[in-house]
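What the coordinates show
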Amino acid sequence: MRQEELMRRALELAQRAEQEGEVPIGALVVLNDEVVGEGWNRPIAAADPTAHAEIQAMRAAAKKTDRVSLAAAERPGGAARRARGGARRFPVP
Ligand SMILES: [Zn+2]
């Protein structure tokens, strides 16, 4: 999957957070070019200060892939940070 498509999806998730009154952040976990986890900020809705987009995405990915280690995260670029959305890669050893 191309980086632009991943960013577009992360931004859609950020938009979803915004529509729900949350800080607009979306996150994806990609494994072998496949999205295995998605998340958007929802600390308010979940009444949980840890319900950040990236945590939600990692929980979904762990559930889907049955993995407990998501090592070596790639940080999103400057544009991603400015847009408050991110596509991160977690190559799994
Ligand atoms: Zn966060």
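Below, the structure is looked at part by part. (Residues numbered from 1 in each chain as written. Predicted model: local features only at pLDDT ≥ 70, side-chain atom pairs only at ≥ 80, totals over all residues.)

A word on unusual backbone geometry. Although it is not a glycine, Asp33 adopts a positive phi angle of roughly 65 degrees. With respect to the helices, strands and loops of the structure, Asp33 is situated in the loop between strand 1 (26–31) and strand 2 (34–40). Taking the number of C-beta atoms within 10 Å as the measure of exposure, Asp33 has 9 and is therefore exposed. Its identity as a non-glycine residue notwithstanding, Ala47 has a phi of 50 degrees, on the positive side. Mapped onto the secondary structure, Ala47 falls in the loop between helix 2 (43–46) and helix 3 (53–65). Judged by the 8 C-beta atoms lying within 10 Å of it, Ala47 falls in the exposed class. (Helix = DSSP H or I, 4+ residues; strand = E, 2+ residues; numbered from the N terminus. Buried ≥ 20, exposed ≤ 12 C-beta atoms within 10 Å, placed from the backbone.)

Here we come to the nonpolar core. By size, the foremost hydrophobic cluster in this structure holds 17 residues, and its most contacted members are Ala10, Leu13, Ala27, Leu28, Val29, Ala53 and Ala57. Listed by contribution, the elements that provide at least two residues to this core are helix 1 (3–19), strand 1, strand 2 and helix 3. In terms of residues, this core owes the most to one element, helix 1, which gives six residues. (Core = buried A, V, L, I, M, F, W, Y, C linked by C-beta atoms within 7 Å.)

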